[in-house]
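Take a look at the letters that make up each chain.
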Amino acid sequence: MDDVKIYKKALTEAQVQAENKKEFEQILKEKLEQTITMGSILGENTRADEVKYDLDLPSELEGLPVTWSSTDTCVAEDGTVTNPDEDKEDKEVTLTAVVSTGTLTASATYQVTVKAFEKEALNVLIQKAEVLDTTYCTEKSKTQLQEAISQAEAADTFSKAEAATKKLNKAI
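Note that this is a predicted model, so its numbers are computed, not measured.

**A closer look at helix α6 (residues 158–171)**
Item 1. Look at α6: 20 Å from first C-alpha to last across 14 residues, which is about the 20 Å you get at 1.5 Å a residue.
Item 2. Among all positions in α6, only F158, A161, A164 and L168 are buried. The buried residues of α6 occupy an angular sector of 120° when projected down its axis, which confines them to one face. Within α6, the exposed residues directed more than 90 degrees away from the buried face are K166 and K170.
Item 3. Buried-residue contacts for α6 involve α4 (120–130) and α5 (139–154).

**Let's talk about the pattern of salt bridges**
Item 1. This model, assessed by the stated rule, comprises eight salt bridges.
Item 2. One salt bridge in this structure joins D90 and K115, with 2.7 Å as the shortest N-O distance. Pair noted here: D90 is in the loop between β2 (64–70) and β3 (91–101) and K115 is in the loop between β4 (104–114) and α4, with a separation of 25 residues, a long-range link.
Item 3. Judged by relative accessible area, D90 falls into the partly exposed class, the value being 34%.
Item 4. The network of salt bridges with common partners includes R47, D49 and E50.

**Structural notes on the pairing of β4**
Item 1. As defined by bridge partners, β3 adjoins β4 across 11 bridges and the pair is classed as antiparallel. Across the sheet, residue V99 finds its bridge partner in β4, namely A106.
Item 2. Hairpin connection of β3 to β4: two residues between the antiparallel strands, including G102 at a positive phi of 60°.

About the cut-offs
Residues numbered from 1 in each chain as written. Predicted model: local features only at pLDDT ≥ 70, side-chain atom pairs only at ≥ 80, totals over all residues. Heavy atoms only, no water. Helix = DSSP H or I, 4+ residues; strand = E, 2+ residues; numbered from the N terminus. Expected span 1.5 Å × (residues − 1). Buried < 20%, exposed > 50% of the residue type's maximum accessible area, 1.4 Å probe, protein only. Arc of directions from axis to C-beta. Contact = heavy atoms within 4.5 Å. Salt bridge = Lys/Arg side-chain N within 4 Å of Asp/Glu carboxyl O. Pairing = 2+ DSSP bridges.

Written out as structure tokens, the structure is:
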């Protein structure tokens, strides 16, 4: 049987939370960890140690606001990933989710590795496209090829590089 306390007056929400703060915070932490898992935040990424694309960081947990922080600017608070340049190394990042209600606060951390942007394969494809003999191509085909090359040269994320690769392959 649970312990029962009788009070002379009604308690406020803050007073009720203060009475069993540790227990309530543990329940909140468990709910956070069970609901927001590594698998649920990966988005298009398949592994936490190879993050290439934006993460899906939820902004609420059962109606309570969730705030996010990151140990590196390559992952923004909204989950946007900016991959380190090709000449730099992968980045180890710790993400922290914090949920609060009244006087209660719980947090959970998630470790990810943001992969450095690799453009080598795309550069090879760009070179292949640039040396194509377009003598017998229509103007429309030439324009599409040039647009594809421009898009590929401007690609600075894995998502943009994949889209540019598809467009270049189609144009070639």
